[in-house]
Amino acid sequence: MRIVVLVKPVPDPASGGERLGANGRLDRAAVPAVVNGNDEYALEAALKLTAAAPEGSEVTLLSMAPASAPETLRKALAMGATRGVHVTDPALAGSCAVSTAKVLAAALKQLEFDLVLAGVDTSDGLGGTVPAAVAAYLGLPFLSYAARIEPDEPAGTVRVRRISPTGYDLLEAPMPALISCTQALGEPRYPTLKGIMAARSKEIATRSLADLELDPSTVGGAVATTQVLATKVPPARGATEVVRGTPDEGATRIVEFLAQRRII
Amino acid sequence: MDLDLPTEHQLLRDTIRDFMTSEVAPVVDQHERERRFPIEIVRRIGELGWLGIPIPEDEGGAGLDTLAYAVAIEEIGRVWGSLGLIVAAHTSLGCGPLHLVGSAEQKQRYLIPMASGEVIGAYGLTEPGAGSDSGGTRTIARLEEGPNGGTWVIDGGKRFITNAGHAGTYIVTAKTGLRDDGSPEISAFIVPADTPGFSVGRLEEKLGLHASATGELVFSGARIPAANLLGERGDGFRTFLRILDGGRISIGALAVGLAQAALDASIPYARTREQFGRPIGTFQGVAFMIADMATEIEAARQLVWRAAWLKDQGRDYGLAAAQAKLFASEVSSRATNAAIQVHGGYGYVTEYPVERFFRDAKLTEIGEGTSQIQRLVIARRILGLRVV
């Protein structure tokens with residue numbers, strides 16, 4: 001099983017310091033970058049799938065990101081990914097979701113895989129459109145919101161349990177396919193110290209737009225299809241009320257609370 | 001000169017910080033309150049490779065360097081002093097002697113299971129009457145003739161032994177005779193926990209570090225095979241002096257972690273606690289305590305890292321390790337004391353964690369050589385005199 005996991009370095013959401021620069025783009029220098037949380041769940045799913053059938057298996061990380069990305073990708077390699085491919089080019093700054101998908105699709109054309117896994121969205125942009133767009137560019141089946149992934153290698157198919165508003169949908173598609181992954185797949189592992197040591201010597205290959213045979217004038221900030229016009233910081237959360245007491249007292253107080261606000 | 005941590009050390013630090021904050025921090029209070037050894041957490045960190053950080057991979061460890069080990073102990077201690085001490089005693093004192101002077105067979109049989117996290121290790125040096133004066137060891141081992149080199153029979157007792165009762169393998173020192181000059185000949189032995197005649201005695205009630213176990217080891221005709229002599233006969237004293245040099249780096253790192261925890265708690269408190277209509281951190285009386293804590297902690301950390309770095313370079317680090325341990329442990333006591341002062345009445349009650357940091361930090365001025373012993377080591381080196 002050969003799996004490519006799409007990963008994106010994002011500003012650490014735990015830092016609380018995420019902010020936009022003057023140009024409306026994310027200020028990536030403001031806070032340390034981490035691997036996007038949902039991508040770690042996708043990677044965990046990939047590591048479990050390949051561990052189940054280790055013969056000829058590999059997990060490749062694919063990231064389109066600024067030059068500093070390898071520092072962040074090391075953690076994903078320490079978790080157990082085999083190698084990384086890092087697409088970086090000055091012309092890619094300010095890329096919109098369409099550009100990003102176009103570039104990732106071009107990079108995937110140069111890789112061999114049975115599955116591509118991606119997090120359902122990223123904590124910085126929250127657009128959630130890139131996985132579907134990559135699948136569309138490559139003409140791959142797209143299975144979204146996966147809570148469980150069951151490949152059948154001899155049959156060349158994959159089954160996915162998709163979270164739906166009413167429960168689950170069971171989807172099946174031929175491989176290769178692209179799957180967007182939810183946190184229902186299971187908690188990502190902590191890197192072991194041996195994993196951290198091994199990550200030192202793992203390859204992170206760098207690809208430019210020229211390597212991907214993409215015309216710089218067709219991607220990046222200059223041709224972005226979306227633009228940030230203004231941003232607003234949401235108001236701080238109000239005071240928290242902790243309800244203590246017996247279950248009956250607690251339930252009564254919670255019902256009162258909700259009724260006062262006309263929620264029920 | 002590069003004062004930044006190498007990339008993989010940063011990754012190690014972030015990984016440990018993440019695990020300690022998410023998985024360990026929520027269970028600390030309960031274990032401390034119940035004085036319960038964290039068996040489940042120790043098992044999990046063993047799987048992650050935290051129980052053999054500076055031990056080579058072919059000896060079961062993670063194969064990282066002393067700097068990585070110091071960074072790890074600081075991060076563990078920053079959340080839980082007891083766990084930091086458990087790991088430090090296991091690694092430096094339990095695994096350390098086997099790595100340093102163990103034979104290939106001894107490493108295979110005892111070190112690999114310890115460094116790979118399956119078995120906890122402990123080190124029995126201190127005795128009721130032999131603390132700083134480790135040469136005053138009364139525990140005796142005598143060789144009984146027999147097949148396969150015979151059997152060592154050990155009688156005596158050890159006290160204040162970290163990980164007592166939870167270790168599967170104990171490294172202990174005992175007197176094996178007298179030298180020509182009349183001084184005791186001290187040797188080191190590997191004692192498996194299930195050795196006949198060996199038992200763990202009373203566990204201590206301590207000021208702090210309540211979730212770590214400290215106890216007595218009792219030897220009543222404990223019999224171990226000749227193959228369990230660790231290193232050469234009579235080399236025990238020299239071996240443990242070398243082990244303590246390395247152990248001091250980890251106790252220094254633990255001290256820095258506890259001090260950092262005190263600072264971490266004090267900063268938000270000083271910014272948000274209001275008296276006289278303004279945050280207490282805007283009063284110099286409080287602000288300067290924070291400034292001193294931050295400055296001293298940074299200096300202590302640099303001393304610890306320098307000692308680790310010298311060791312990793314294969315250079316003489318004995319003086320640096322003593323200096324680092326002395327300074328870091330005293331900074332730790334000062335900083336954790338200041339943190340209680342910053343918190344006022346809230347600092348004195350168990351609702352806030354700073355009183356725990358204060359109680360835990362005191363041990364770092366005592367264990368693996370008191371501050372007075374560190375000053376002796378340093379003064380002898382600086383003066384070149386037989387300071388007593």
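Residues numbered from 1 in each chain as written. Chains lettered and ligands numbered in written order. Predicted model: local features only at pLDDT ≥ 70, side-chain atom pairs only at ≥ 80, totals over all residues. Heavy atoms only, no water.

Draft legend 1. The arrangement of the packing of aromatic side chains in detail. All names here are of chain B. Evaluation of the coordinates by the stated rule reveals 9 aromatic pairs over all chains. Here Phe19 and Trp50 contribute two aromatic rings whose centre-to-centre distance is 5.2 Å and whose plane-to-plane angle is 75°, an arrangement assigned as edge-to-face. Linking Phe19 in helix H1 (residues 7-34) with Trp50 in the loop between helix H2 (39-47) and helix H3 (66-79), this pair joins segments that are 31 residues apart in sequence. Trp50 shares its class with Phe19; the two are buried. (Phe/Tyr/Trp six-rings, centres within 6.5 Å; stacked < 30°, edge-to-face > 60°. Helix = DSSP H or I, 4+ residues; strand = E, 2+ residues; numbered from the N terminus. Buried < 20%, exposed > 50% of the residue type's maximum accessible area, 1.4 Å probe, protein only.)

Draft legend 2. Quick peek at the side chain of A:Ser99. Residue and element names in this part refer to chain A. Checked against the element boundaries, Ser99 lands in helix H3 (residues 97-109). For Ser99, a relative accessible area of 3% translates into the label buried. In this structure the side chain of Ser99 is engaged in a polar contact, spanning 3.0 Å, whose partner is the backbone nitrogen of Gly220. With near-sequence residues (within four places) excluded, Ser99 lies in contact with Thr218, Val219, Gly220 and Val223. (Polar contact = N/O pair within 3.5 Å; in protein donor to acceptor, adjacent residues only side chain to side chain. Contact = heavy atoms within 4.5 Å.)

Draft legend 3. Up close: the pattern of salt bridges. All names here are of chain A. The tally for this structure, following the rule as stated, stands at 38 salt bridges over all chains. In this structure, Arg2 and Asp114 form a salt bridge, with 3.2 Å as the shortest nitrogen-oxygen distance. Taken together, the residues Arg2 in strand E1 (residues 2-6) and Asp114 in the loop between H3 and strand E6 (115-119) connect sequence positions 112 residues apart. Under the relative-accessibility criterion, Arg2 is labelled partly exposed at 26%. (Salt bridge = Lys/Arg side-chain N within 4 Å of Asp/Glu carboxyl O.)

Draft legend 4. Quick look at H1(B). The terminal C-alpha atoms of H1(B), which comprises 28 residues, lie 39 Å apart, in line with the 40 Å expected from a rise of 1.5 Å per residue. After H1(B) finishes, the residue B:Arg35 shows a positive phi value of roughly 50°. (Expected span 1.5 Å × (residues − 1).)

Draft legend 5. Geometry of the domain arrangement of chain B. Residues and elements named next belong to chain B. Partitioning chain B into structural domains gives domain 1 (7-120), domain 2 (122-233) and domain 3 (238-383). Each partner contributes residues to the interface: domain 2 has 9 residues there, and domain 3 has 9 residues. Summing both partners gives a buried area of about 820 Å² for domain 2 against domain 3, and 75% of it is carried by carbon and sulfur. The largest contributions to the domain 2 side of the interface with domain 3 come from Tyr123, Leu207 and Leu209, which together make up 53% of the buried area. Counting the contacts that link domain 2 with domain 3 gives 0 salt bridges. A class-by-class count of the residues in the side of domain 2 that touches domain 3 yields 4 nonpolar, 5 polar and no charged. (Domains from an automatic or database assignment. Buried area = accessible area lost by both parts, 1.4 Å probe. Nonpolar A, V, L, I, M, F, W, Y, C, P; charged D, E, K, R; others polar.)

Draft legend 6. View of unusual backbone geometry. Of note, the bond from A:Met175 into A:Pro176 is cis; its omega dihedral lies within 30 degrees of zero at 0°. Structurally, A:Pro176 is set in the loop between strand E9 (167-174) and strand E10 (177-181). Although it is not a glycine, A:Leu126 adopts a positive phi angle of roughly 60°. Positive phi, normally seen in glycine, also occurs at B:Leu209, with a value near 50°. For B:Leu209, the location among the structural elements is in the loop between strand E6 (198-203) and strand E7 (214-225). Given the relative accessible area of 3%, B:Leu209 is considered buried.

Draft legend 7. Just the nonpolar core, in detail. In this structure, A:Val5, A:Leu115, A:Leu117, A:Ile149, A:Ile179, B:Leu83 and B:Phe189 are the most contacted members of the largest nonpolar core, which totals 132 residues. Looking at which element gives the most residues to this core, the answer is helix H6 (residues 236-272) of chain B, with 13 residues. Non-local contacts of B:Leu83, meaning those with residues more than four positions away in its chain, are made with B:Met20, B:Val24, B:Pro38, B:Ile41, B:Val42, B:Ile45 and B:Ile76. If you look at the next biggest cluster of nonpolar residues, it comprises 27 residues, including A:Met64, A:Val87, A:Ala106 and A:Leu140. (Core = buried A, V, L, I, M, F, W, Y, C linked by side-chain atoms within 4.5 Å.)

Draft legend 8. Local environment of a nonpolar patch on the surface. A cluster of nonpolar side chains, A:Tyr145, A:Ile163 and A:Tyr168, forms an exposed patch at the surface whose accessible area comes to about 320 Å². Following the sequence through the fold, A:Tyr168 ends up in strand E9. (Patch = residues over 30% accessible without salt bridge, like charges linked within 9 Å, V, L, I, M, F, W, Y side chains within 5 Å. Areas by Shrake-Rupley, 256 points an atom, 1.4 Å probe, with all protein chains shown as cover.)

Draft legend 9. Spotlight on the sheet that holds strand E5 (residues 83-87) of chain A. All names here are of chain A. Strands sit in the order E9-E8-E7-E10-E6-E1-E4-E5-E11 across an open sheet of 9 strands; the sheet is mixed. Because the sheet does not close on itself, it has two edges, and the strands there are E9 and strand E11 (204-207). If you compare each strand with its neighbour and ignore which way they point, the axes differ by 30° on average. Contacts from helix H2 (residues 69-79) reach strand E4 (58-64), E5 and E11, with the element oriented near 155° to E5. (Pairing = 2+ DSSP bridges. Axes fitted to C-alpha atoms, helices over the stretch in contact; angles between N-to-C directions.)

Draft legend 10. Structural context of the side chain of B:Arg359. Residue and element names in this part refer to chain B. Here Arg359 is to be found in helix H10 (residues 354-363). Given the relative accessible area of 18%, Arg359 is considered buried. Within polar-contact distance, the side chain of Arg359 engages the backbone oxygen of Leu207 at 3.0 Å. If near-sequence neighbours (up to four positions away) are discounted, Arg359 is found in contact with Leu207, Gly208 and His210.

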